[in-house]
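# Summary of the model geometry
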Amino acid sequence: MGLLTLALTVNAQVLNVTSVQQLNVPAGDVKVAGIAPDGSFILLTSNANVGLSKYDLSSGTTTQLSDAPGAGYNATISADGVTIVYRETSFDANHMRQQALKSHNLQTGKKQLLVKNTRSARKLALNSNLVAARPTCSIEDRQLMVTIGGITTQLSPLGTDKSYIWPSISPNGRKVLFYVSGIGAYVCDLNGSNLHYLGHNVRAPKWYNDSIVIGMNDQDNGEFTTSSQIVAVSLDGQTQVLSGGIDAMYPYTCNGKIICSGLQGETYLISVQ
């Protein structure tokens, strides 16, 4: 499965990293877009989120799911790993961007239109989440929105003059993780209380579990990314670099596996005990 395995000696802090492997994914304009709940496959897209494919981690086979623009943005995998929900971006006669939401059944190959072309990020986020009873979060007009029991409220705990990105709900459904542009990553309760700052260098944050967040500490020269590390931050304040000596960005995680993208289109698997 791996072209390159780097043995790591890491003092256990937040997580115990055992190895980093470079996967044999198709070369070129590729980045990771998701990982199956059981860790058996990952989703791949382009850096511009055009197209979506499934890469099986055991066999190394790749299956194309969509060629559509926007398909790689916030693609969702169902809890049983059978259904992929993804977007298709288009522009209307007035050059306004709109998005449709589709599903792809990996067992039958059947595709279904879930939401017709719309400009509502909230509508897309609600339908992307395949577990209706679970709280969801989304960004609308740069503001943080949380939906519980079908009722959506604006959270934006740092004020409406800020731009919010990368929101997600914790695995236990009790907390919201988000990033404020120019400031950093935060965690808070579903009502916006108990605001907790994780730091500026935890970009594109994702929940590893209910008490640990992973993200990227990336540096750029104003034109492109020059270096990036995958980091883990615990809610009690501990921080650890997970990616060793490689440059990696945009992590996804489940079942002790962290999948991330390299600066030149590589795909890495970080194994955690």
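For the structure, see preceding data.
Let me sum up the structure you'll find in this document. Each residue is numbered by its place in its chain's sequence as written, counting from 1. Confidence filtering applies because this is a predicted model: local features only for residues at pLDDT of at least 70, side-chain atom pairs given and counted only at 80 or more, and all residues used for totals across whole chains, interfaces and linings. Values shown for side chains rest on all heavy atoms present in the structure; no hydrogens or waters enter the calculation.

### Looking at the sheet that holds strand 4 (residues 41-45)
Taken in spatial order, the 4 strands of this open sheet run 3-4-5-6, and their pairing is antiparallel. In the strand order of this sheet, the two ends are held by strand 3 (31-35) and strand 6 (62-69), each with one partner. For this sheet the average axis-to-axis angle between neighbouring strands, irrespective of direction, equals 25°. Pairing between strands is defined by DSSP: at least two bridges between them are needed. Counting from the N terminus, the helices are the DSSP runs of H or I reaching at least four residues and the strands are the DSSP runs of E reaching at least two. Here strand 5 (residues 50-56) runs beside strand 6; their pairing, made up of 5 bridges, is antiparallel. Under this scheme, a helix contributes an axis fitted over its contacting stretch, all axes are lines through C-alpha atoms, and angles between N-to-C directions fall in the 0 to 180 degree range.

### Thoughts on the nonpolar core
In terms of nonpolar packing, the biggest core is built from 19 residues, with Leu15, Ile230, Ala232, Leu242, Ile258 and Ile270 touching the most fellow members. For this core, the secondary structure elements donating two or more residues are strand 2 (17-23), strand 19 (212-220), strand 20 (225-234), strand 22 (248-254), strand 23 (257-262) and strand 24 (267-272). For Ile258, the residues in contact, after removing those within four places along its chain, are Tyr208, Ile214, Ile230, Leu242, Pro251, Tyr252, Thr253, Tyr268, Leu269, Ile270 and Val272. Residues enter a nonpolar core if they are buried and are Ala, Val, Leu, Ile, Met, Phe, Trp, Tyr or Cys, with the set joined through side-chain atoms within 4.5 Å. Between buried and exposed lies partly exposed: a residue is buried under 20% and exposed over 50% of the maximum accessible area for its type, with that area taken using a 1.4 Å probe on protein chains only. In terms of nonpolar packing, the next biggest core, distinct from the first, is built from 13 residues, Val25, Ile42, Leu44 and Ile259 among them. A contact between two residues is defined here by any heavy atoms of the two lying within 4.5 Å.

### Regarding the side chain of Lys31
Inspection of the secondary structure puts Lys31 in strand 3. Here the positive residues are Lys and Arg and the negative ones are Asp and Glu; neither His nor the chain ends is included. When a carboxyl oxygen of Asp or Glu is within 4 Å of a side-chain nitrogen of Lys or Arg, the pair counts as a salt bridge. The side chain of Lys31 sits in the buried core without any salt bridge; Asp29 is the nearest counter-charge, 8.1 Å away.

### Some points on the environment of Ser40
As for its position among the elements, Ser40 is in the loop between strand 3 and strand 4. Sequence separation of Ser40 and Ser58 is 18 residues, and the distance between their C-alpha atoms is 7.1 Å. Here Ser40 is in contact with Tyr55, Asp56, Leu57 and Ser58, once residues within four sequence places are set aside.

### What to know about the packing of aromatic side chains
Classification of ring pairs rests on two measures: the distance between centres of Phe, Tyr or Trp rings, Trp counted by its six-membered ring, which must be within 6.5 Å, and the angle between planes, read as stacked under 30 degrees, edge-to-face over 60 and tilted in between. With the rule as written, the count across this model stands at 4 aromatic pairs. Measuring from ring centre to ring centre gives 5.7 Å for Tyr164 and Phe178, while their planes differ by 50°; the resulting arrangement is tilted. In this pair, Tyr164 sits in strand 14 (residues 164-169) while Phe178 sits in strand 15 (residues 175-180), placing the two residues 14 residues apart along the sequence. Side by side, Tyr164 and Phe178 carry an identical accessibility label, which is buried. Considering the side-chain rings of Tyr186 and Tyr197, the 4.9 Å spacing of their centres and the 50° angle between planes classify their relative orientation as tilted. Here Tyr186 is found in strand 16 (residues 184-189), whereas its partner Tyr197 is found in strand 17 (residues 196-199), with 11 residues between them in sequence. An aromatic cluster is built from Tyr164, Phe178, Tyr186 and Tyr197, whose rings are joined through pairwise contacts.

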